[in-house]
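Here is what each chain is made of, one letter per residue.
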Amino acid sequence: MKQFFLLGFVFLVVACGKKEETIFPTEGPITESIYASGILKSQDQYQAFVTVNGIIDQILVKEGDVVHVGQPILQLSSETQKMSTENAQIAANFADRAANQGKLNEAQNVIETSFQKFKLDSSIYFRQKNLWAQQVGTRIDLEQKEMAFQNSKTNYLSSIQRYRDLKRQISFSADQSKKSVEISSRLQQDFTLRSKMNGIVFSISKNKGELVSPQMPIAVIGNPEAFVLEMQVDENDILQLNIDQRIIVRLDSYKNEVFEAKVTKIYPYMNERSKTFLVEAKFSKAPKKLFPFMNFEANIILQTKEKALLVPRNYLIGDSLITLKGGEKRKVKIGLKDFQQA
């Protein structure tokens, strides 16, 4: 059992080697906890950034406004991009399949004409060939008819290939120009910053006419109905933490009130600079009014004992020895400890 068996003993502490003070152990409750401090954040809270460089043309919301997913927050000046989109649309209209249907119809007519010519020359040639087999006509006539037949055949096959090439080229140009319009439109959309969630605008850090870049946070947006407590816990204490562990919370804005929370998430990555781990918690019963970045102090409860023998920690030597009134040092077994007592 982690308690003292010192009842009936009087022990002392020597202050600065001059004055001796004595005290009796007391009996009462004690809680061992880990101290942490942190800030409040709205659930799903995020900083909004633009994706392109530009000058703010319009700010479409104000701090405290309710916003929805996809709702515009601000508009950057995008005259050049607008003209690029218009040019892409003009090119797309010019390359559209419907706009080039006349060329395809003309190529189709050429196929039909060349086919009729090929059909006629073929008939003439084979008739002349049959006559030549019967020793009618001259060889020159046969060769001329054969040459006309071959030329017609070549022209007919070429007209088919030209039609196919033209159709493929028109399809390619139409698809490419449509894609250019999509790209230009998407680039133009980059000049509008939109909300990624349903929530409220907690802050806007820029003004109309300011030059902004993708590295500058523009606004803070979050859910005003739910808040998360973010705290940093020292690496020496992190192994003692578990999910659902009880926390006592004191907010700077609520001076004389104490709230309870529970651990909801322990991040497994340590901050190398501070040697701390990020821990998240949620209120068991939240205060009525909260804002992002409120400061708080927390005691994460490890153990509680309702009845224990207690002594002030400054009366202990190395957390394991006490000095009795007669000067004898006695080793004691320490159970729970808080900042003042053990």
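For the structure, check the block above.
A brief structural summary. (Residues numbered from 1 in each chain as written. Predicted model: local features only at pLDDT ≥ 70, side-chain atom pairs only at ≥ 80, totals over all residues. Heavy atoms only, no water.)

### Description of helix α3 (residues 139-189)
Now for step 1: The first and last C-alpha atoms of α3 sit 74 Å apart over 51 residues, in line with the 75 Å expected at 1.5 Å per residue.
Now for step 2: For α3, the complete set of buried residues consists of L142, F149, S152, Y156, S159, I160, Y163, I170, A174, S177, V181 and S184. (Helix = DSSP H or I, 4+ residues; strand = E, 2+ residues; numbered from the N terminus. Expected span 1.5 Å × (residues − 1). Buried < 20%, exposed > 50% of the residue type's maximum accessible area, 1.4 Å probe, protein only.)

### Thoughts on the nonpolar core
Now for step 1: Residues L40, L229, M231, V233, I247, V249 and L251 are the most contacted members of the largest nonpolar core, which totals 28 residues.
Now for step 2: Those elements giving two or more residues to this core turn out to be β3 (26-49), β8 (199-204), β10 (217-234), β11 (246-251), β12 (259-271), β13 (276-283) and β14 (295-310).
Now for step 3: Ignoring anything within four residues of it in the chain, the contact list for L251 reads L40, F259, F283, P287, L290, N295 and F296.
Now for step 4: The next biggest cluster of nonpolar side chains, apart from the first, holds 19 residues, and it includes Y46, A48, I204 and A219. (Core = buried A, V, L, I, M, F, W, Y, C linked by side-chain atoms within 4.5 Å. Contact = heavy atoms within 4.5 Å.)

### Observations concerning unusual backbone geometry
Now for step 1: Its identity is not glycine, yet K275 carries a phi of approximately 60°, on the positive side.
Now for step 2: Inspection of the secondary structure puts K275 in the loop between β12 and β13.
Now for step 3: Classification of K275 by relative accessible area gives partly exposed; the value is 37%.
Now for step 4: Within the chain, F293 stands out as a residue other than glycine whose phi angle is a positive 70°.

### Details of the environment of R127
Now for step 1: Among the structural elements, R127 can be located in helix α2 (residues 101-133).
Now for step 2: For R127, a relative accessible area of 47% puts it in the partly exposed group.
Now for step 3: Sequence spacing of R127 and K145 is 18 residues, and the spatial spacing of their C-alpha atoms is 9.5 Å.

### Looking at the sheet that holds strand β9 (residues 211-212)
Two strands in a sheet stick together by hydrogen bonds in their backbones, pointing the same way (parallel) or opposite ways (antiparallel).
Now for step 1: On the basis of which strands lie adjacent, the open sheet formed by four strands has the order β7-β6-β4-β9 and antiparallel pairing. The strands lining the two open edges of the sheet, one partner per strand, are β7 (192-194) and β9.
Now for step 2: Sheet topology places strand β4 (residues 54-59) next to strand β6 (residues 72-76); three bridges connect them, and they run antiparallel. If you follow I59 over to β6, its bridge partner there is L74. (Pairing = 2+ DSSP bridges.)

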